[in-house]
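Structural description and commentary
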Amino acid sequence: MDLVWYVTYGSNLALDRFRCYLAGGRPAGGARVYPGCRDPRDPARIAAVEVPGGLVFAGESKVWGGGSAFYNPAAPGLVAARAYLVTPGQLGDVAAQEMRRDPGGEFARDLAAVLPDVDAVHAMGPGRYETVARLGEEDGVPLFTVTHGTVADLEPNAPTLPYLRWIAAGLTEAHGWGVRRVAEYLYSATGVSRAWTVDELASALDGEAGGGGSLGGVAF
């Protein structure tokens, strides 16, 4: 398995944010500097995809504050996502960084090695992004994402605006959505309505509230 699709549904929807995982760096508005992958190259290809399931915000992000995004494969509906064509090693290193582990460490190597055997869902451990889900194929290449193994049991928690701005920027990049459609989509995700109305979210994402910034520029 030379290449795989890494399917992202959270802030990594935005290519500039994903590059912090690939090449290292700190995303605007985030509280962490990422070491990057052993192989820092950009994805060979990028595709907009939709996958069956639901988007959930839960827990407490150490990078953004507020809830983190998780994918629930058992939920009804569709998740707007983006697929990056990367090597298994890059996917392992990205997942390791999600769990604050070292790129190239045991977890990263084990995840890359297990990918050919994953046909549905495989738990590497109990952590937030330690479960690998196979989501079919795109152009004959398998699609994988990472999520929480018991996402349905997590306590929902509203995400912060800096985090939502990255997700919104990625949705616009990948799917060409305007602010209103992005706001409606995010509002429908579990956890968001605990802190936002659709109108508040649309206004904040459009730069009219929340201290500047916009979908296009992801400025803070």
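Right above here is the structure, for reference.
Report on the accompanying structure. (Residues numbered from 1 in each chain as written. Predicted model: local features only at pLDDT ≥ 70, side-chain atom pairs only at ≥ 80, totals over all residues. Heavy atoms only, no water.)

Within the chain, arginine 100 stands out as a residue other than glycine whose phi angle is a positive 60 degrees. The backbone phi angle of aspartate 139 is positive, close to 55 degrees, even though this residue is not glycine. On the basis of relative accessibility, which here comes to 56%, the residue aspartate 139 falls in the exposed class. (Buried < 20%, exposed > 50% of the residue type's maximum accessible area, 1.4 Å probe, protein only.)

So, on to the environment of alanine 31. By the element assignment, alanine 31 lies in the loop between helix 1 (15–23) and strand 2 (46–52). Other than its neighbours up to four places away in sequence, alanine 31 contacts Lys62 and Val63. (Helix = DSSP H or I, 4+ residues; strand = E, 2+ residues; numbered from the N terminus. Contact = heavy atoms within 4.5 Å.)

Every buried residue belonging to helix 5 (residues 179–187) is among Val179, Val182, Ala183, Tyr185 and Leu186, and all of these are buried. Taken around the axis of helix 5, the buried residues stretch over an arc of 165 degrees, which confines them to a single face. Contacts from the buried residues of helix 5 go to strand 3 (54–58), strand 5 (78–86), helix 4 (161–175) and helix 6 (198–205). (Arc of directions from axis to C-beta.)

Here a ring pair, both rings aromatic, is described through the centre-centre distance and the interplanar angle of the planes. A full pass over the atoms with the stated rule returns 8 aromatic pairs. Between tyrosine 9 and tyrosine 71, the ring centres sit 6.0 Å apart and the planes meet at 40 degrees, which makes this aromatic pair tilted. Taken together, the residues tyrosine 9 in the loop between strand 1 (4–8) and helix 1 and tyrosine 71 in strand 4 (residues 68–72) connect sequence positions 62 residues apart. Accessibility expressed as a relative area gives 6% for tyrosine 9, which makes it buried. Ring centres 4.3 Å apart and planes at 15 degrees place the aromatic pair phenylalanine 18 and tyrosine 84 in the stacked group. Here phenylalanine 18 is found in helix 1, whereas its partner tyrosine 84 is found in strand 5, with 66 residues between them in sequence. (Phe/Tyr/Trp six-rings, centres within 6.5 Å; stacked < 30°, edge-to-face > 60°.)

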